[in-house]
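# Residue-level structure breakdown
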Amino acid sequence: MNSDDTISTDVLIVGAGPAGLSSAIHLADEFQKSGQNRRIMVIEKGNAVGAHILSGAILKTDALKELLSEEEYTNLPFDCEVSSDKTLKLSATGAFALPFHPPVMDNMGNKITSLCQICRYLATLAEARGVEVYAGFAVNEILYENDKVIGVKTIDTGVNYQGEKQKNYQKGTSVLARIVILAEGTRGTLAKQLKSKFDLRKDALPQVYSLGIKELWSVPEGNIKEGAVYHTFGYPLDANEEFGGGFVYGLKDNKVALGFAVGLDYADPSFDTHAAMQVWKQHPSIAKFLKDGTLIEFGAKTIPEGGWNSMPKPYTDNVLIVGDSAGMVAMPALKGVHLAVTAGMCAAKAVSKALLNDDTSEKSLSYYKELIDQSRIYSEMYPYRNFRAVMTQGLYVGGLKFGIQLLTNGACLFTPKLEHDNVASKKVSEYTGVPFKKRFEDKLTFDKKLTFDKVTSVFYSGTHHDEEQPIHLHVNDIEDFSEVNIKQYGTSCQYFCPADVYEAHIDKEGKRSLKIHAENCVHCKTCDIKAPNSAITWMTPYGGDGPQYQNL
Amino acid sequence: MTTIISLMKQVPLPSQMRMGEDGLMDRTKAKSIINVDCSFALEAGLQLKSMMKGAKLIVCSMGPPSFEQSLKTAISMGYDEAYLLSDRRLGGSDTFTTGFALSRMLKHLGFGKGLNEDFIVVAGRQTSDGDTAHVPSQVAENLGIPQATFLENVEFKNSTIIARRIIEGGYQMLKLPIPCTLSFTPTGIPPRRPTLSGAVKARNTQVTVFNTDDIHLEDSQIGLLGSPTIVAKVSSIRSERAPIIMSQGHSGEELVKDLMKNMKSGKNSLEAISKKEAKKVEMPSDSEKVDFRNGASGILTWAEVANGKLSRPSLELLTPAVNLAHSLEEGTKVRTLLIGSNVQELAKELIYHGSDEVIIVDDARLQEYRILLFSSIFAQVIKAYKPEIALFAATTAGRELAPRIGVKTKSGVTADCTALEIGEHRDNKKKIVYAPILESRRPTYGESKLATIIGFVCPQISTARAGTFEVPKRDEEKEGLITPFTPELNEQDFVTEILETHRGEGGLSSLFEADVIVTGGRGALSDDMILIKELASALNTQGVKCEWASSRPVVDLGVCEYARQIGQTGKTVRPKVYIAVGVSGAIQHIVGMKESESIIAINKNAKESIFANADFGIVGEYEDILPALIKEVKNGFVFGLDKDK
Ligand SMILES: Cc1cc2nc3c(=O)[nH]c(=O)nc-3n(C[C@H](O)[C@H](O)[C@H](O)COP(=O)(O)OP(=O)(O)OC[C@H]3O[C@@H](n4cnc5c(N)ncnc54)[C@H](O)[C@@H]3O)c2cc1C
Ligand code: SF4
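## Comments concerning the overall build of chain B
The helix and strand inventory of chain B stands at 17 helices and 34 strands. Taking 2.2 N^0.38 as the reference for a compact globule, 645 residues should give roughly 26 Å; the C-alpha atoms of chain B span a radius of gyration of 25 Å, in line with that estimate. Principal axes of the C-alpha set define a box for chain B whose edges measure 75 × 70 × 55 Å. Within the span of chain B, comprising 645 residues, buried residues form 58% of the whole. Within chain B, residue pairs in contact and separated by at least 24 positions form 72% of the contacts whose partners lie at least 6 positions apart.

See below:
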């Protein structure tokens, strides 16, 4: 197209997850209420809305009720309502059901859903309000003028592996916007750039993440009840080494959603969350739900779980950050959808007011933070602000301290610290525990019926990337990588990546190097978080590439 | 200003295509995409525009309203206008009526009135849910304009089109005038990604939707009623693999010897699944037998000449031709049309291989195949001889020639058949039995189903998949007629020039034509694939068409170019023999090669999943096995294939 490919809009929202779509929907409503006739654009990198969305998901529905009209709310594609809720403590062979669980973890009355489906539905509601939703377009670059955000630019396409323009080269489109809302979800690429440019994390603790892996199964009648919810902790995780657990949700039509999430602050450089989930599935208490069933879908995504204290300042001149990109996830329940929706609504109110007053400055947008502080984001996150930090001390010590916090509205006897997940990794030579492979030696051959190797899993994520494009996973310094990540950490990326993107290649002379199979990437962002030395930067590939989640 | 018209179809994502219980395709569940070949045509249109001083780009499609989505994608890629022909009454259309209806839409838009117009039609070679490659040819004939199909790349130079056409084992450079129709293979310039500004434009662009009344199509011309062919039945083909036969032995030599022995005794086969016997419907006793041939009689085949020799597929074609003649009335003749320059000698060969009469058109100007001339000659021969059946080998030439002729004779065409038989068709409603009728069977939907297609207009035309039928035994005693034929040649049919024909090292398409593919995986890398290439070249020296390829990791490592990658994101191939060396058998790889006739796996790890997807297996280091195998090949072992050349 022409060399100067520029379009403009009043509001640009990056990311069509619950946060972005709620922003769009509520903004359209606010504009209408205040008589403003304005353009709202949403850009989504998945090739359709929902294609890159993955969640549990047990939904607290209050926020959606506020966002939508009654009729719209009743038409939400919920799968079913939670009918029973159990927490199991697994040992290597047995299971023990907790007689009760902390009230914050109670799910009775909540809905089980596929967030992919919810987002597809929300997108139609946004469109019906005149919002323009464009799926299949990715942005990597924020545009600035006088050090203020003025828009974003979509990726150039038709560039080969070596970065040379091809005959089908297309320059990306610059989108100028009076306000940009970043709703990219976990570890947002633009949000990361923005936070560092404006030092938005200045007053926050480091963000920490879990990697969650999810599978959707079809099982014979009778394996599990519709609406049955199980959360597990314990096996195969070691309470002193890893923080995390699994979930199994019975859906309608004999489908089962199951997942396994592990905090990325583990020390073992060979720990492998994907493999851990396969081990977990072999536990009799889990395997029984899947007996004679078939895998339908697979996906993985990280969850920011640092809580209140890890949230960045979510705004600056002309730009706001909402949802996971701003770390808005309620711990310990691991629920982010309703907070993403709430954040979107707060952002919409602030933006509408700012545009009405023709003032999009940081000062004007600080109203957004005020609204957050009065919302459930505050009331659900603040009391548990120290939860994740104490949990780094292991489940038992941490659990005890968390118990105390519950009594003291979250105050801690001392302020615990969080460190970045990649700092938590130990060098191979310094790690004193039993390496992952040793721990589960006899459980790591996968039968492709109950358990799967990574490449087969990736097949079930529908992931596809155009091979003619520059690699979207940047190794920041190859030499350094070889020295530190390969030699000292045993190429830990080959283990933490759930999609077999990284291969520790050994050539004829026995020299080790890293090979990147970028086509496998399911966009979970673990490498961007966990690679020692922050050695890998995740960038968005061509828009439309990546997984093709249908019902995760 | 030139108008570039792109014909485009939306198809279900091939990997998500499923069949309903009724044998019809269930399109509702699969995600829709622009047919891959069509997306290459869209790009070709955009490339052509960039070589011209201004051109208008329009995109046309025929199908349900949901096709608008893909038409909009074309707009976001840079197209200016979009048109959709959508009408329930078009349901059941075969390729003949589809070609007709699309042409009618183009005429309605003002194109196809004469040869002095300034437009180019670009289209995909074929669709993934139909696989026929007919429509571009049919549109060209309906519009009365020249065509070139199976193109990789085109250029616009001095007001003409220079096109690179893929042919068996090579390519041909063609020069075409404007207007013309061009169809593209998915091997040229990949389709560009839409830009966001393009998507914004597409959002604001209306797709113009026509119904059949708008473009003056009558019910008798469309849908089931207008279609000369119908799908008579569909049955399942089981594509699971039977258990593998592993080689025994203590050394490379022993293992290879055992493999040879095993291959000789044949692979395991699955027990035939007992197919539900179709309920025999009793015909009403008063039903009437109709012979719709109207005096047409005999079978006409085409003898394709390449490099001065008869192409092997056109000799193969004589096998079903003779069999069909035997199933028809006494005295039914097999005639073969032979067009070329100095081809007298070849005529005798055809007779030795089973033809009763060779109709010869010998003209110095007809040395190389050219569609306009050949289709016109065919039409004249058909008029003179009135055959009831006409057969073509499904080569790149046969696949474009047959449909173009079919439009002239108003017959439909069945593409790429693997079985041809004479049968009857019962119409219980009308109480009519049509007999005798040609039953053409062809695999569809990614080889998972076998469809039987019949037509009611003579000649009944089919193309036969190369390599499915044996070459008949040569018999020098056999006698037959050689009859010269002098067609009327129209100067206008000489407009397309052949600039260059290149056969030999066969471009990107050779993977599709190879009889043997040797693939190296991650486990065959320690010698940079030297042994793999050696095995391939040893087979080629033995006269077997062989290519080497790789799995994705090898491409990622830069040892092999992407064009040779087999699998989900690479090519899907179905050679007679597929040899996987050091390939793990990831599901992404398997989907690209599982339709191969025989699969041999060589891997040092007996647990790899490749062994679950192969017919013959050797567990061992490939560095030991391949040298032994190469030695045997050099001594003449060619995996039981025919040596040909
Ligand atoms: C395994 C797992 C289980 C969970 N379970 C629950 C649960 O039971 N209940 C609950 O409430 N929450 C749960 N969560 C958390 C919840 O899913 C998230 O908090 C929520 O989805 C966040 O919404 P979001 O809109 O901020 O981000 P996302 O849902 O991640 O959406 C972001 C969107 O932006 C797009 N995008 C990102 N970057 C770009 C870019 N540069 N350009 C264009 N587009 C871009 C992405 O493709 C994506 O579609 C779970 C999470 C996981 C991983
Ligand atoms: S490469 Fe990174 S983002 Fe992609 S799947 Fe692996 S860890 Fe996740």
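## Re the overall build of chain A
Counting its regular elements, chain A contains 18 helices and 24 strands. Since a compact globule built from 552 residues should have a radius of gyration of about 24 Å, the 23 Å found for chain A is in line with a globular shape. C-alpha atoms of chain A, sized along the principal axes, occupy 65 × 60 × 50 Å. Looking at chain A residue by residue over its 552 residues, the buried ones come to 61%. When contacts within chain A are restricted to residue pairs at least 6 apart in sequence, long-range pairs at least 24 apart make up 78% of them. Carbon and sulfur atoms make up 50% of the accessible area of chain A, which totals about 21200 Å². Computed over 58 positive and 67 negative side-chain charges, the separation of the two mean positions in chain A equals 3 Å.

## Focus on the sheet that holds strand β22 (residues 389–393) of chain B
Residues and elements named next belong to chain B. Here seven strands make up an open sheet; going across it, the order is β23-β27-β22-β17-β20-β21-β28 and the pairing parallel. Two strands in the sheet have a free side with no partner beyond their single neighbour: β23 (413–417) and β28 (481–484). Going across the sheet, the axis of each strand differs from the next one's by a mean of 25°, ignoring polarity. One ladder, built from four bridges, connects strand β21 (residues 357–362) with β28; its direction is parallel. When the sheet's bridge partners are listed, Glu 357 is paired in β28 with Leu 481. Helix α10 (residues 344–352) rests against β17 (299–303), β20 (334–340), β21 and β28 of the sheet, and its axis sits at about 160° to β21.

## Brief notes about helix α17 (residues 622–634) of chain B
Residues and elements named next belong to chain B. Look at α17: 18 Å from first C-alpha to last across 13 residues, which is about the 18 Å you get at 1.5 Å a residue. Listing the buried residues of α17 in full gives Tyr 622, Ile 625, Leu 626, Ala 628, Leu 629, Ile 630, Glu 632 and Val 633. Structurally, α17 contributes buried residues whose contacts are with α7 (252–265), α14 (530–541), β32 (577–581), β33 (598–603) and β34 (616–619). In the stretch just after α17, Gly 636 is the one whose phi turns positive, near 115°.

## Concerning a negative patch on the surface
Residues and elements named next belong to chain B. A grouping of Glu 253, Glu 254, Glu 621, Glu 623 and Asp 624 is seen on the molecular surface, where their side chains present a negatively charged patch. Those elements that provide at least two residues to the negative patch are α7 and α17. Within the secondary structure, Glu 254 is located in helix α7.

## A word on the sheet that holds β32 of chain B
By definition, the strands of a sheet pair up through backbone hydrogen bonds, in either a parallel or an antiparallel sense. All names here are of chain B. Read across the open sheet, the six strands follow the order β15-β34-β33-β32-β30-β31; overall the sheet is parallel. Both outer strands of the open sheet, β15 (245–246) and β31 (546–550), are each paired with one neighbouring strand and no more. The sheet contacts of α14 involve β30 (516–520), β31 and β32, and relative to β31 the element is tilted by about 165°.

## Regarding the packing of aromatic side chains
On inspection of all chains with the given rule, the structure shows 27 aromatic pairs over all chains. Their ring planes at 65° and their centres at 6.0 Å tell us that Tyr 73 of chain A and Phe 78 of chain A sit as a pair that is edge-to-face. Among the residues examined, Tyr 73 of chain A registers a relative accessible area of 14% and is labelled buried. Grouped by ring-pair contacts, the aromatic residues Tyr 235, Tyr 266, Phe 271, Phe 436 and Phe 440 of chain A constitute a single cluster. Directly above the aromatic system of Tyr 382 of chain A lies the positively charged group of Arg 385 of chain A, at a separation of 4.0 Å from the ring centroid. Sitting above the plane of the Tyr 171 of chain B ring, Arg 164 of chain B keeps its charged end 3.9 Å from the centroid.

## Observations regarding the pattern of salt bridges
With the rule as written, the count across this model stands at 63 salt bridges over all chains. Between Arg 187 of chain A and Asp 528 of chain A there is a salt bridge, with its nearest N and O atoms 2.6 Å apart. Taken as a pair, Arg 187 of chain A in the loop between β13 (174–182) and α5 (189–197) and Asp 528 of chain A in helix α18 (residues 526–530) lie far apart in primary sequence, 341 residues in all. With a closest N to O distance of 3.2 Å, Lys 261 of chain B and Asp 258 of chain B form a salt bridge. Linking Lys 261 of chain B with Asp 258 of chain B, this pair stays in helix α7, spanning three residues, or about one helical turn. Salt bridges sharing common partners tie together Asp 87, Arg 89, Asp 213 and Asp 219 of chain B.

## Describing the interface of chain A and chain B
Listed by partner, the interface residues are 42 residues for chain A and 33 residues for chain B. Interface area for chain A against chain B, summed over the two sides, is near 3200 Å², with a carbon-plus-sulfur share of 54%. Joining chain A to chain B, the criterion identifies five salt bridges. The salt bridge involving Glu 127 of chain A is made with Arg 203 of chain B; its shortest N-O contact spans 2.7 Å. Seen at the junction of chain A and chain B, the total is 14 residue pairs in polar contact (both at pLDDT 80 or more). Of all the elements in the fold, those that place two or more residues in the side of chain A that touches chain B are β2 (40–44), β8 (132–135), β12 (165–170), α15 (454–459) and β22 (502–506) of chain A. With four residues, α15 of chain A is the largest single contributor of residues to the side of chain A that touches chain B. Of the residues contributing to the side of chain A that touches chain B, the split by class is 14 nonpolar, 14 polar and 14 charged.

## Examining the site of ligand 1
Residues and elements named next belong to chain A. The environment of ligand 1 is made up of 35 residues, and the closest members are Ala 19, Glu 44, Ser 55, Ile 58 and Asp 324. Contact between ligand 1 and Ala 183: an oxygen atom at 3.4 Å from a main-chain N or O atom of the residue. Bound to the protein, ligand 1 loses 98% of the 1000 Å² it would expose on its own. A breakdown of the residues in the shell around ligand 1 according to their chemical character gives 19 nonpolar, ten polar and six charged.

## With respect to unusual backbone geometry
Residue and element names in this part refer to chain B. Put simply, Ile 178 and Pro 179 share a cis peptide bond, and its omega is 5°. Assignment of secondary structure puts Pro 179 in the loop between β11 (170–176) and β12 (180–184). A cis amide bond links Cys 458 with the next residue in sequence, Pro 459, at an omega value of -5°. Relative to the helices and strands, Pro 459 is located in the loop between β26 (449–455) and β27 (460–464).

## A look at the nonpolar core
What tends to happen in soluble globular proteins is that the nonpolar side chains get buried as a cluster. Counting 159 residues, the largest nonpolar core has Met 328, Tyr 368 and Tyr 502 of chain A as the members making the most contacts within it. Residue contacts for Tyr 502 of chain A: discarding those within four places in its chain leaves Leu 473, Cys 493, Gln 494, Cys 497, Leu 514, Lys 515, Ile 516, Cys 527 and Ile 536 of chain A.

## Some thoughts on the confidence of the model for chain B
Residue and element names in this part refer to chain B. For chain B, the average pLDDT comes to 89, and 92% of its residues sit at 70 or higher. Low pLDDT, under 50, characterises residues 18–24; the predicted model gives this stretch eleven contacts beyond four residues in sequence or across chains. Scored below 50 in pLDDT, residues 272–279 shows three contacts in the model against residues more than four places distant or in partner chains. Overall fold confidence (pTM) sits at 0.88, and the ipTM for the predicted complex is 0.92.

## Describing helix α1 (residues 18–33) of chain A
Residues and elements named next belong to chain A. Given a rise of 1.5 Å per residue, 16 residues ought to cover 22 Å, and the 22 Å separating the end C-alpha atoms of α1 matches this to within 8%. Across the 16 residues that make up α1, a large majority, 13, are buried. Phi turns positive, to about 70°, at Gly 35, one or two residues after α1.

Definitions and limits used
- Each residue is numbered by its place in its chain's sequence as written, counting from 1.
- As they are written, the chains are lettered A onward and the ligands numbered 1 onward, keeping that order.
- For a predicted model such as this one, the threshold for reporting local features is a pLDDT of at least 70, and the threshold for listing and counting side-chain atom pairs is 80 or more; totals across whole chains, interfaces and linings nevertheless cover every residue.
- With hydrogens and water excluded, all non-hydrogen atoms of the structure serve as input to the side-chain values.
- Each helix corresponds to a stretch of at least 4 residues labelled H or I by DSSP, and each strand to a stretch of at least 2 residues labelled E; elements are numbered beginning at the N terminus.
- The quantity called the radius of gyration is restricted to C-alpha atoms. Its globule counterpart is 2.2 Å times the number of residues to the power 0.38.
- Whether a residue is buried, partly exposed or exposed follows from its accessible area with a 1.4 Å probe, protein chains only, as a fraction of its type maximum: under 20%, in between, or over 50%, in that order.
- Any two residues having at least one pair of non-hydrogen atoms within 4.5 Å are treated as being in contact.
- Computed with the Shrake-Rupley method and a 1.4 Å probe, the accessible areas treat only the protein chains shown as cover for residues.
- When charges are counted, Lys and Arg are positive and Asp and Glu negative, with His and the chain ends excluded.
- Where a charge lies is defined by one atom per residue type, namely NZ (Lys), CZ (Arg), CG (Asp) and CD (Glu).
- Here, any two strands with at least 2 DSSP bridges between them count as paired.
- For helices, the axis comes from a line fit to the C-alpha atoms of the stretch in contact; other axes are also lines fit to C-alpha atoms, and the angle between any two N-to-C directions lies between 0 and 180 degrees.
- An expected span of 1.5 Å times one less than the residue number is assigned to each helix.
- For patch detection, residues must exceed 30% relative accessible area and be free of salt bridges, and they are connected within 9 Å for like charges or within 5 Å for nonpolar side chains (Val, Leu, Ile, Met, Phe, Trp, Tyr).
- Salt bridges are defined by distance alone: a side-chain nitrogen of Lys or Arg within 4 Å of a carboxyl oxygen of Asp or Glu.
- A pair of aromatic rings is counted whenever rings of Phe, Tyr or Trp (Trp by its six-membered ring) have centres within 6.5 Å, and the orientation is called stacked for planes under 30 degrees apart, edge-to-face for over 60 and tilted otherwise.
- Two thresholds decide whether a charge sits over a ring: the Lys NZ or Arg CZ must be within 6 Å of the ring centre and within 35 degrees of the ring normal.
- Using a 1.4 Å probe, buried area is obtained as the accessible area two parts lose upon being combined, added over both of them.
- N or O atoms within 3.5 Å of each other form a polar contact, as long as, within protein, one can give a hydrogen and the other can take it, and as long as residues adjacent in sequence are counted only when both atoms are side-chain atoms.
- The residue classification treats Ala, Val, Leu, Ile, Met, Phe, Trp, Tyr, Cys and Pro as nonpolar and Asp, Glu, Lys and Arg as charged. All others, Gly included, are polar.
- Proximity is defined per residue: any heavy atom of the residue falling within 4 Å of a molecule or strand makes that residue near it.
- Among buried residues, those of type Ala, Val, Leu, Ile, Met, Phe, Trp, Tyr and Cys that are joined through side-chain atoms within 4.5 Å constitute a nonpolar core.
- Per-residue confidence from the predictor is given as pLDDT, running between 0 and 100.

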